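Structural characterization, general
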Amino acid sequence: MSVALTKGGNVSLARQAPGVRSVRVCLGWTAGAGYDLDASALLCGPSGKVLTDQHFVFFNNLQSPDGAVRHLGSGGGGEDAERIEVRLGDVSAQVEKVAFAVAIYDAAQRRQSFGQVRRAYVRVVDADSGTEVARYDVTPETGSEAAMVFGELYRNGADWKFRAVGQGYASGLAGIATDFGVDVLQPAPAAPAPAPAPVSAPVPVAPAAPPVVPAVPKTQPATGSSPVTCFFDPTHGAGSAVVLWQPQWGVPRQVETCAACAQRVQTTVPPFYTPPQAGYPQQGYPQQAQPQVPAQQQEQGGRRFGTGAMIGAGAAGLVGGMLLNEALSDDEPQVVVNNYYEDDDSFF
């Protein structure tokens, strides 16, 4: 006869099923579409933690290292969702208890919990006879649990007992793994952040090159004791230096200047100097004179007529008048063209 357990209750397998050697822990539930629940077993030592990660039996590790605990899956038919077989006599002496848990796969991402799971249970069956020894109907305490420990087999001297646990974990299977010391489900340590790239020192910017001044010959002292005064201004004194002067119009030539004007010529872009006063440069360095335009010609738009042009224009007018007179005369034209007479020097 099966014993119905409540949370925290336990039953002795030897007393309830004398001579039992192997049991099947069967787990079941009813959930809506899109729910995926998985059962697992954790073989723990005296500290309450799994002996090794291989002592965590689930869908990716179907058997414990000693072979005493095996995950059978859901192929047994009936109402049970998943089954786990435990051969009690073959369990390692280091194992103090075997806990049975159920977790909702990917519960956080799917926003699922045991609040939507119905009729969850765990039952212990004698594997040889198929007789149910005990049953516990699991009821979530808050409904927000993503994983729960349904029950556990534990040693009691030479005997084994089964306890109804019903402990929930809002953190899912990861919370159970942490509680029982399983490392395989721990998130991988985050890779260290790459070291920031070294900041290159700013490239120094070369200062802008100063504008290039055309090279001029060095100042040469004036030879002899010339009485010539400064080329640019006689009031500056004697022309004590010879420099190359480039006027605004004309070709460059050497002139004698005072020291101050010589320095100006060498440091100023041509034309070096424009005389501010009339009458300079001084006598002996003539500049090309500009033709003077008569006022009458300026009033006529600036046109200038030479003497030859005026004579030609008068002759053309005289010939034209003669031809016109002949054309209007009734007499037969008597025109003599370019006749030259020895006794007369004129043209007709």
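The coordinates are above.
So, here's what we can say about the structure. This is a predicted model, so every value here is computed, not measured. (Residues numbered from 1 in each chain as written. Predicted model: local features only at pLDDT ≥ 70, side-chain atom pairs only at ≥ 80, totals over all residues. Heavy atoms only, no water.)

A few words now on the overall build of the protein chain. Within the protein chain, the regular secondary structure consists of six helices and 15 strands. Taken across its 348 residues, the protein chain has 34% of its residues classed as buried. Of the roughly 22000 Å² of accessible surface on the protein chain, 54% is carried by carbon and sulfur atoms. (Helix = DSSP H or I, 4+ residues; strand = E, 2+ residues; numbered from the N terminus. Buried < 20%, exposed > 50% of the residue type's maximum accessible area, 1.4 Å probe, protein only. Areas by Shrake-Rupley, 256 points an atom, 1.4 Å probe, with all protein chains shown as cover.)

Now for the sheet that holds strand 9 (residues 118-126). If you trace the six strands from one edge of the open sheet to the other, you get 1-10-9-3-7-6, paired in mixed fashion. Edge positions in the sheet fall to strand 1 (3-5) and strand 6 (69-73), since each of these pairs with one other strand and no more. Averaged over neighbouring strand pairs, the angle between their axes works out to 20 degrees when direction is ignored. Two elements, strand 9 and strand 10 (residues 132-138), share six bridges in a ladder whose sense is antiparallel. Bridging across to strand 10, Arg123 finds its partner in Arg135. (Pairing = 2+ DSSP bridges. Axes fitted to C-alpha atoms, helices over the stretch in contact; angles between N-to-C directions.)

Turning next to the sheet that holds strand 8 (residues 97-104). Pairing between the strands of a sheet comes from backbone hydrogen bonds, and it takes one of two forms, parallel or antiparallel. What the six strands build is an open sheet, ordered 2-12-11-8-4-5; its pairing is antiparallel. Two strands close off the open sheet at either side, each with one partner strand: strand 2 (10-12) and strand 5 (56-57).

Before going further, it helps to examine the pairing of strand 6. The two faces of strand 6 differ: Val69, His71 and Gly73 on one face are buried, but Arg70 and Leu72 on the other face are not. Bridge count between strand 6 and strand 7 (residues 82-87): four bridges; the pairing is antiparallel. The residue bridging Gly73 from the neighbouring strand is Arg83, located in strand 7.

With eight of its 10 residues buried, strand 11 (residues 147-156) lies for the most part within the structure. Two elements, strand 8 and strand 11, share seven bridges in a ladder whose sense is antiparallel. Across the sheet, the residue bridging to Ala103 is Ala147, located in strand 11. With nine bridges joining them, strand 11 and strand 12 (residues 159-169) adopt antiparallel strand pairing. Across the sheet, Asn156 pairs through a bridge with Asp159, a residue of strand 12. The turn linking strand 11 back onto strand 12 is made up of two residues, and Gly157 within it adopts a positive phi angle of 70 degrees.

Let us look at the environment of Val98. Locating Val98 in the fold gives a position in strand 8. Residue Val98 is classed as buried on the basis of its relative accessible area, which comes to 0%. Expressed as a C-alpha distance, the spacing of Val98 and Leu153, which sit 55 residues apart in the sequence, is 5.2 Å. When residues no more than four places from it in sequence are discounted, the contact partners of Val98 are Ala41, Leu42, Leu43, Gly151, Glu152 and Leu153. (Contact = heavy atoms within 4.5 Å.)

Bringing the pattern of salt bridges into the picture now. Counting across every chain of the model gives 12 salt bridges. A salt bridge links Asp128 to Arg21; its shortest N-O distance comes to 3.6 Å. Taken together, the residues Asp128 in the loop between strand 9 and strand 10 and Arg21 in the loop between helix 1 (13-16) and strand 3 (22-30) connect sequence positions 107 residues apart. Neither Asp128 nor Arg21 differs from the other in exposure class; each is exposed. Its salt-bridge partner being Arg110, residue Asp106 comes within 4.0 Å of it at the nearest N-O pair. Using a relative accessible area of 31% as the deciding quantity, one classes Asp106 as partly exposed. By relative accessible area, which is 37% here, Arg110 ends up partly exposed. Look at the salt bridges and you will find they share partners, linking Arg24, Arg70 and Glu85 into a network. (Salt bridge = Lys/Arg side-chain N within 4 Å of Asp/Glu carboxyl O.)

Don't take any of this as a statement about function, it's just geometry.
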